[in-house]
Amino acid sequence: MAAIFCESSSGQYHYTQVNQPLEISCMLLLIMLGKVFLDFFMLQVKQKKVKVSFMGYFCVSLALLDFTLLLSISFIFYFEDFALWGVRFTKYHICLFTQIISLTYGILHYPVYLVAGLDYYMTIAQTSQFPKRGPRLLYVFAVVVIWMSGFFCILKVPAIYEELEIQNRFSPYQCPLYASVQSYSVSCAMVLLLGTALLACWKEVITMLLSVRVVSFASQPVLMFSYVSNNSSTCFKWQLLTRLLICFLGTWAPFVLLQIIVLFLGARIPAYMEMNVPWLYFINSFLIAVAYWCRCHDVELTEEMWSTDPFVSWKFCFMPFNNENTEPADKPSTVIVIC
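Described below are features of the structure shown in this document. Since the model is a prediction, treat every value here as computed from it, not as a measurement. (Residues numbered from 1 in each chain as written. Predicted model: local features only at pLDDT ≥ 70, side-chain atom pairs only at ≥ 80, totals over all residues. Heavy atoms only, no water.)

### A short note on the overall build of the protein
Threshold: Think of it this way: any DSSP run of H or I at least four residues long counts as a helix, any run of E at least two long counts as a strand, and we number them from the N terminus. The contact criterion used throughout is that any non-hydrogen atoms of two residues lie within 4.5 Å. Surface exposure here means Shrake-Rupley accessible area, sampled with a 1.4 Å probe, where a residue is shielded only by the protein chains that are shown.
Of the regular secondary structure elements, the protein holds 12 helices and 7 strands. Counted over contacts in the protein with a minimum sequence separation of 6, partners at least 24 positions apart contribute 82%. In the structure as shown, the protein presents an accessible area of about 18,100 Å², 67% of it carried by carbon and sulfur atoms.

See the structure below:
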(Lines give C-alpha, C1' and ligand atoms only; values in the text may rest on other atoms or scores of the structure.)
Protein backbone atom coordinates (compact mmCIF):
# COMPACT_ATOMS: atom_id res chain seq x y z
CA MET A 1 0.00 0.00 0.00
CA ALA A 2 2.85 2.35 0.83
CA ALA A 3 4.39 1.82 -2.58
CA ILE A 4 1.20 2.92 -4.27
CA PHE A 5 1.08 6.06 -2.15
CA CYS A 6 4.70 6.89 -2.90
CA GLU A 7 4.16 6.49 -6.60
CA SER A 8 1.24 8.91 -6.40
CA SER A 9 3.30 11.54 -4.62
CA SER A 10 6.68 11.15 -6.27
CA GLY A 11 6.34 14.02 -8.72
CA GLN A 12 5.92 17.67 -7.92
CA TYR A 13 3.62 18.09 -10.91
CA HIS A 14 0.92 16.27 -8.96
CA TYR A 15 0.25 19.45 -7.00
CA THR A 16 -0.70 23.01 -7.77
CA GLN A 17 1.13 25.58 -5.69
CA VAL A 18 -0.74 28.39 -3.99
CA ASN A 19 1.72 31.14 -3.00
CA GLN A 20 0.82 33.24 0.01
CA PRO A 21 2.76 35.75 2.11
CA LEU A 22 4.78 34.52 5.07
CA GLU A 23 2.59 36.55 7.41
CA ILE A 24 0.40 33.55 6.79
CA SER A 25 1.29 32.37 10.32
CA CYS A 26 -1.55 34.37 11.80
CA MET A 27 -3.91 33.48 8.97
CA LEU A 28 -3.05 29.78 9.21
CA LEU A 29 -3.85 29.90 12.90
CA LEU A 30 -7.28 31.42 12.27
CA ILE A 31 -8.04 29.02 9.41
CA MET A 32 -7.10 25.97 11.45
CA LEU A 33 -9.14 27.28 14.37
CA GLY A 34 -12.19 27.54 12.13
CA LYS A 35 -11.53 24.15 10.56
CA VAL A 36 -11.15 22.40 13.91
CA PHE A 37 -14.36 24.01 15.14
CA LEU A 38 -16.17 22.82 12.01
CA ASP A 39 -14.72 19.30 12.34
CA PHE A 40 -15.87 18.83 15.93
CA PHE A 41 -19.19 20.54 15.22
CA MET A 42 -19.97 17.97 12.52
CA LEU A 43 -18.91 15.13 14.82
CA GLN A 44 -21.21 16.52 17.49
CA VAL A 45 -24.36 17.12 15.39
CA LYS A 46 -24.25 13.83 13.49
CA GLN A 47 -26.51 10.99 14.52
CA LYS A 48 -24.94 9.05 17.34
CA LYS A 49 -26.60 5.65 16.83
CA VAL A 50 -24.98 4.62 13.55
CA LYS A 51 -23.11 1.53 12.50
CA VAL A 52 -19.37 1.77 12.94
CA SER A 53 -17.42 2.10 9.72
CA PHE A 54 -13.97 2.85 8.41
CA MET A 55 -14.99 6.37 7.36
CA GLY A 56 -16.32 7.11 10.84
CA TYR A 57 -12.99 6.21 12.42
CA PHE A 58 -11.06 8.14 9.78
CA CYS A 59 -13.16 11.28 10.37
CA VAL A 60 -12.35 11.14 14.09
CA SER A 61 -8.65 10.68 13.34
CA LEU A 62 -8.69 13.64 10.93
CA ALA A 63 -10.32 15.87 13.54
CA LEU A 64 -7.71 14.84 16.13
CA LEU A 65 -4.85 15.44 13.69
CA ASP A 66 -6.22 18.89 12.80
CA PHE A 67 -6.51 19.67 16.51
CA THR A 68 -2.90 18.56 17.05
CA LEU A 69 -1.74 20.80 14.19
CA LEU A 70 -3.71 23.71 15.69
CA LEU A 71 -2.07 23.22 19.08
CA SER A 72 1.39 23.05 17.48
CA ILE A 73 0.82 26.20 15.44
CA SER A 74 -0.59 28.04 18.46
CA PHE A 75 2.33 27.04 20.64
CA ILE A 76 4.93 28.13 18.07
CA PHE A 77 3.01 31.33 17.27
CA TYR A 78 2.91 32.32 20.95
CA PHE A 79 6.52 31.55 21.90
CA GLU A 80 7.93 32.39 18.40
CA ASP A 81 11.45 31.08 19.08
CA PHE A 82 12.14 28.25 21.52
CA ALA A 83 13.92 24.92 21.85
CA LEU A 84 12.25 21.64 22.72
CA TRP A 85 14.09 18.33 23.10
CA GLY A 86 17.16 19.87 21.48
CA VAL A 87 15.22 21.14 18.43
CA ARG A 88 14.79 24.87 17.80
CA PHE A 89 11.32 25.91 16.66
CA THR A 90 10.52 29.21 14.94
CA LYS A 91 7.68 30.60 12.82
CA TYR A 92 9.34 28.85 9.89
CA HIS A 93 8.04 25.57 11.32
CA ILE A 94 4.44 26.81 11.13
CA CYS A 95 4.76 26.89 7.36
CA LEU A 96 6.75 23.63 7.25
CA PHE A 97 4.24 21.68 9.33
CA THR A 98 1.35 22.98 7.25
CA GLN A 99 3.14 22.04 4.03
CA ILE A 100 3.74 18.49 5.28
CA ILE A 101 0.10 18.17 6.32
CA SER A 102 -1.06 19.53 2.95
CA LEU A 103 1.09 17.09 1.01
CA THR A 104 -0.05 14.18 3.18
CA TYR A 105 -3.73 15.07 2.92
CA GLY A 106 -3.33 15.51 -0.83
CA ILE A 107 -2.27 11.92 -1.49
CA LEU A 108 -4.81 10.20 0.79
CA HIS A 109 -8.06 10.91 -1.09
CA TYR A 110 -7.90 7.87 -3.39
CA PRO A 111 -6.89 5.27 -0.77
CA VAL A 112 -9.38 6.55 1.82
CA TYR A 113 -12.32 6.57 -0.60
CA LEU A 114 -11.31 3.18 -2.00
CA VAL A 115 -11.16 1.54 1.43
CA ALA A 116 -14.41 3.20 2.53
CA GLY A 117 -16.17 2.13 -0.67
CA LEU A 118 -15.06 -1.48 -0.26
CA ASP A 119 -16.09 -1.40 3.38
CA TYR A 120 -19.63 -0.28 2.55
CA TYR A 121 -19.94 -2.67 -0.37
CA MET A 122 -19.10 -5.64 1.87
CA THR A 123 -21.05 -4.56 4.98
CA ILE A 124 -24.02 -2.55 3.64
CA ALA A 125 -26.35 -5.57 3.83
CA GLN A 126 -25.35 -6.50 7.39
CA THR A 127 -28.00 -5.75 9.99
CA SER A 128 -25.80 -5.88 13.07
CA GLN A 129 -25.35 -2.36 14.44
CA PHE A 130 -22.64 -3.19 16.95
CA PRO A 131 -19.96 -5.43 15.43
CA LYS A 132 -17.54 -7.42 17.52
CA ARG A 133 -14.16 -6.15 18.63
CA GLY A 134 -12.45 -7.66 15.58
CA PRO A 135 -13.95 -5.32 12.93
CA ARG A 136 -13.38 -2.30 15.18
CA LEU A 137 -9.72 -3.16 15.60
CA LEU A 138 -9.47 -3.72 11.86
CA TYR A 139 -10.84 -0.22 11.20
CA VAL A 140 -8.39 1.32 13.68
CA PHE A 141 -5.52 -0.62 12.11
CA ALA A 142 -6.52 0.49 8.59
CA VAL A 143 -6.68 4.14 9.69
CA VAL A 144 -3.25 3.96 11.35
CA VAL A 145 -1.69 2.25 8.32
CA ILE A 146 -3.08 4.85 5.90
CA TRP A 147 -1.82 7.79 7.99
CA MET A 148 1.60 6.22 8.54
CA SER A 149 1.92 5.38 4.85
CA GLY A 150 1.01 8.93 3.86
CA PHE A 151 3.51 10.57 6.21
CA PHE A 152 6.18 8.02 5.30
CA CYS A 153 5.86 8.84 1.61
CA ILE A 154 6.04 12.60 2.17
CA LEU A 155 8.94 12.53 4.63
CA LYS A 156 10.97 9.77 2.98
CA VAL A 157 10.71 10.76 -0.69
CA PRO A 158 13.92 12.79 -1.25
CA ALA A 159 12.52 14.88 -4.12
CA ILE A 160 9.62 16.21 -2.07
CA TYR A 161 11.64 16.89 1.06
CA GLU A 162 14.41 18.64 -0.89
CA GLU A 163 11.85 20.77 -2.70
CA LEU A 164 10.38 21.93 0.62
CA GLU A 165 13.83 22.83 1.91
CA ILE A 166 14.75 24.78 -1.24
CA GLN A 167 11.46 26.69 -1.34
CA ASN A 168 11.62 27.68 2.31
CA ARG A 169 15.29 28.66 2.01
CA PHE A 170 15.03 30.84 -1.09
CA SER A 171 11.49 32.11 -0.53
CA PRO A 172 11.58 33.33 3.08
CA TYR A 173 8.56 35.59 2.56
CA GLN A 174 6.31 33.00 0.97
CA CYS A 175 4.77 29.76 2.11
CA PRO A 176 3.85 27.61 -0.90
CA LEU A 177 0.87 25.41 -0.11
CA TYR A 178 -0.50 22.67 -2.31
CA ALA A 179 -3.85 21.75 -3.82
CA SER A 180 -4.45 18.07 -4.40
CA VAL A 181 -5.10 16.81 -7.91
CA GLN A 182 -6.77 13.76 -6.37
CA SER A 183 -9.46 15.87 -4.71
CA TYR A 184 -10.01 17.83 -7.91
CA SER A 185 -10.46 14.67 -9.97
CA VAL A 186 -12.86 13.22 -7.37
CA SER A 187 -14.96 16.38 -7.51
CA CYS A 188 -15.07 16.22 -11.31
CA ALA A 189 -16.08 12.56 -11.24
CA MET A 190 -18.84 13.14 -8.67
CA VAL A 191 -20.33 16.09 -10.55
CA LEU A 192 -20.20 14.11 -13.79
CA LEU A 193 -21.88 11.04 -12.24
CA LEU A 194 -24.58 13.07 -10.51
CA GLY A 195 -25.27 15.04 -13.68
CA THR A 196 -25.51 11.85 -15.74
CA ALA A 197 -27.89 10.26 -13.22
CA LEU A 198 -30.10 13.35 -13.17
CA LEU A 199 -30.26 13.45 -16.96
CA ALA A 200 -31.15 9.77 -17.04
CA CYS A 201 -34.14 10.02 -14.70
CA TRP A 202 -35.03 13.71 -14.57
CA LYS A 203 -38.70 13.09 -15.42
CA GLU A 204 -39.21 10.76 -12.47
CA VAL A 205 -37.33 13.12 -10.15
CA ILE A 206 -39.53 16.06 -11.13
CA THR A 207 -42.72 13.98 -10.86
CA MET A 208 -41.79 12.78 -7.39
CA LEU A 209 -40.81 16.26 -6.19
CA LEU A 210 -44.10 17.69 -7.47
CA SER A 211 -45.99 15.14 -5.40
CA VAL A 212 -44.37 16.17 -2.12
CA ARG A 213 -46.56 17.47 0.69
CA VAL A 214 -45.68 18.68 4.17
CA VAL A 215 -47.81 17.00 6.83
CA SER A 216 -47.69 16.51 10.57
CA PHE A 217 -46.89 13.07 11.92
CA ALA A 218 -46.40 12.34 15.63
CA SER A 219 -46.11 16.09 16.30
CA GLN A 220 -43.24 16.34 13.82
CA PRO A 221 -43.14 17.84 10.32
CA VAL A 222 -42.68 15.19 7.66
CA LEU A 223 -42.48 15.10 3.87
CA MET A 224 -44.94 12.79 2.16
CA PHE A 225 -44.33 11.63 -1.40
CA SER A 226 -47.47 10.24 -3.07
CA TYR A 227 -46.89 8.92 -6.53
CA VAL A 228 -47.90 6.27 -9.04
CA SER A 229 -45.28 4.73 -11.28
CA ASN A 230 -46.03 5.52 -14.91
CA ASN A 231 -44.70 2.14 -15.97
CA SER A 232 -45.37 -0.91 -13.84
CA SER A 233 -42.49 -2.73 -15.52
CA THR A 234 -39.97 -0.05 -14.62
CA CYS A 235 -36.75 -1.64 -13.47
CA PHE A 236 -36.31 -1.68 -9.72
CA LYS A 237 -32.81 -0.22 -9.95
CA TRP A 238 -34.10 2.62 -12.11
CA GLN A 239 -36.72 3.55 -9.50
CA LEU A 240 -34.13 3.19 -6.76
CA LEU A 241 -31.76 5.56 -8.55
CA THR A 242 -34.41 8.29 -8.50
CA ARG A 243 -34.96 7.89 -4.79
CA LEU A 244 -31.24 7.79 -4.02
CA LEU A 245 -30.76 11.05 -5.92
CA ILE A 246 -33.57 12.77 -4.03
CA CYS A 247 -32.28 11.62 -0.65
CA PHE A 248 -28.67 12.55 -1.43
CA LEU A 249 -29.39 15.95 -3.00
CA GLY A 250 -31.97 16.72 -0.33
CA THR A 251 -29.17 16.74 2.23
CA TRP A 252 -26.03 17.66 0.27
CA ALA A 253 -27.32 19.93 -2.52
CA PRO A 254 -25.34 22.95 -1.16
CA PHE A 255 -22.14 20.90 -1.31
CA VAL A 256 -22.86 19.83 -4.88
CA LEU A 257 -23.51 23.45 -5.87
CA LEU A 258 -20.28 24.52 -4.17
CA GLN A 259 -18.39 21.86 -6.08
CA ILE A 260 -19.79 23.09 -9.39
CA ILE A 261 -18.84 26.69 -8.57
CA VAL A 262 -15.30 25.73 -7.54
CA LEU A 263 -14.79 23.63 -10.67
CA PHE A 264 -16.25 26.34 -12.91
CA LEU A 265 -13.99 29.03 -11.43
CA GLY A 266 -10.96 26.73 -11.53
CA ALA A 267 -10.17 27.54 -7.90
CA ARG A 268 -7.45 25.58 -6.15
CA ILE A 269 -8.09 25.04 -2.45
CA PRO A 270 -5.03 24.12 -0.33
CA ALA A 271 -5.10 20.46 0.65
CA TYR A 272 -4.95 21.12 4.40
CA MET A 273 -8.29 22.93 4.06
CA GLU A 274 -9.84 20.71 1.42
CA MET A 275 -9.80 17.48 3.42
CA ASN A 276 -12.15 18.13 6.31
CA VAL A 277 -14.85 16.25 8.21
CA PRO A 278 -17.85 17.81 6.38
CA TRP A 279 -16.27 16.93 3.03
CA LEU A 280 -15.61 13.37 4.16
CA TYR A 281 -19.21 12.92 5.32
CA PHE A 282 -20.36 14.26 1.95
CA ILE A 283 -18.23 11.64 0.19
CA ASN A 284 -19.42 9.10 2.75
CA SER A 285 -23.07 9.60 1.77
CA PHE A 286 -22.18 9.29 -1.91
CA LEU A 287 -20.34 6.00 -1.30
CA ILE A 288 -23.26 4.65 0.74
CA ALA A 289 -25.67 5.52 -2.07
CA VAL A 290 -23.46 3.70 -4.58
CA ALA A 291 -23.25 0.67 -2.28
CA TYR A 292 -27.03 0.62 -1.81
CA TRP A 293 -27.55 0.78 -5.56
CA CYS A 294 -25.03 -1.98 -6.29
CA ARG A 295 -26.32 -4.34 -3.59
CA CYS A 296 -29.99 -3.32 -3.54
CA HIS A 297 -31.23 -6.92 -3.79
CA ASP A 298 -29.34 -7.90 -0.63
CA VAL A 299 -30.77 -5.11 1.54
CA GLU A 300 -33.04 -6.27 4.36
CA LEU A 301 -35.79 -3.94 5.62
CA THR A 302 -34.79 -3.75 9.28
CA GLU A 303 -34.42 -0.75 11.57
CA GLU A 304 -30.69 -1.45 12.00
CA MET A 305 -30.29 -1.24 8.23
CA TRP A 306 -31.01 2.49 8.16
CA SER A 307 -28.42 3.50 10.76
CA THR A 308 -25.55 3.51 8.25
CA ASP A 309 -25.36 7.22 7.39
CA PRO A 310 -25.03 9.89 10.13
CA PHE A 311 -26.76 12.55 8.00
CA VAL A 312 -28.99 10.97 5.31
CA SER A 313 -32.01 8.75 5.90
CA TRP A 314 -32.04 6.13 3.15
CA LYS A 315 -35.13 4.31 4.43
CA PHE A 316 -37.33 6.16 1.94
CA CYS A 317 -35.39 4.66 -0.95
CA PHE A 318 -36.46 1.09 -0.19
CA MET A 319 -40.08 1.63 0.80
CA PRO A 320 -42.44 0.07 -0.12
CA PHE A 321 -40.42 -2.34 -2.30
CA ASN A 322 -37.22 -4.21 -1.67
CA ASN A 323 -36.87 -6.46 -4.73
CA GLU A 324 -37.85 -6.62 -8.34
CA ASN A 325 -40.37 -9.40 -7.70
CA THR A 326 -42.62 -7.17 -5.63
CA GLU A 327 -46.16 -7.10 -6.98
CA PRO A 328 -47.44 -3.66 -8.05
CA ALA A 329 -49.75 -2.08 -5.49
CA ASP A 330 -53.42 -1.65 -6.22
CA LYS A 331 -53.35 1.88 -4.86
CA PRO A 332 -50.83 4.64 -5.19
CA SER A 333 -47.81 4.12 -3.01
CA THR A 334 -47.32 6.51 -0.14
CA VAL A 335 -43.90 7.10 1.36
CA ILE A 336 -43.30 9.16 4.46
CA VAL A 337 -39.92 10.51 5.43
CA ILE A 338 -39.39 12.20 8.78
CA CYS A 339 -37.24 15.30 8.38
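### Things to note about the environment of W202
In this structure, W202 sits in helix α9 (residues 202–210). Considered as a pair, W202 and T242 are 40 residues apart in the sequence and their alpha carbons are 8.2 Å apart.

### Some thoughts on the pattern of salt bridges
Rules: When a carboxyl oxygen of Asp or Glu lies within 4 Å of a side-chain nitrogen of Lys or Arg, that pair is called a salt bridge. In this scheme, a residue with accessible area under 20% of its type's maximum is buried, one over 50% is exposed, and one in between is partly exposed, where area comes from a 1.4 Å probe on protein chains only.
Applying the stated criterion to the full structure yields 1 salt bridge. The residue K35 makes a salt bridge to D66 at a minimum N-O spacing of 3.2 Å. Placement of the pair is K35 in helix α2 (residues 24–45) and D66 in helix α3 (residues 54–79), with a sequence separation of 31 residues. For the pair shown, K35 and D66 are each scored as buried.

### Details of helix α12 (residues 277–294)
Counted only if it meets this: In this scheme, a helix's expected span is set at 1.5 Å multiplied by one less than its residue total.
Taking 1.5 Å per residue, 18 residues should reach 26 Å; α12 reaches 25 Å between its end C-alpha atoms and fits that length. Counting buried residues in α12 gives 15 out of 18 residues, a clear majority hidden from the surface.

### Things to note about the packing of aromatic side chains
The criterion, for reference: Only Phe, Tyr and Trp rings take part, Trp by its six-membered ring, and two of them pair if their centres are within 6.5 Å. Stacked means planes under 30 degrees apart, edge-to-face means over 60, and tilted covers everything else. Counting as a charge over the ring demands two things of the Lys NZ or Arg CZ atom: a distance within 6 Å of the ring centre and an angle within 35 degrees of the ring normal.
Using the criterion set out here, one finds 15 aromatic pairs in the structure. Pairing Y105 with W147 gives two aromatic rings, centres 5.7 Å apart and planes at 55°, and the pair type is tilted. Of this pair, Y105 sits in helix α4 (residues 92–106) while W147 sits in helix α6 (residues 133–156), placing them 42 residues apart in sequence. Look at Y105 and you get buried, because its relative accessible area is 0%. For W147, a relative accessible area of 9% translates into the label buried. Ring centres of W252 and F255 lie 5.3 Å apart, and the angle between their planes is 85°; this geometry places the pair in the edge-to-face category. In this pair, W252 and F255 are both assigned in helix α10 (residues 236–265), 3 residues apart and thus about one turn of the helix distant. Taken together through their ring pairs, the aromatic side chains of F248, W252, F255, W279, Y281, F282, F286 and F311 make up a single cluster. In this structure, R268 is placed above the aromatic ring of Y184, and the distance from its NZ or CZ to the ring centre is 4.2 Å.

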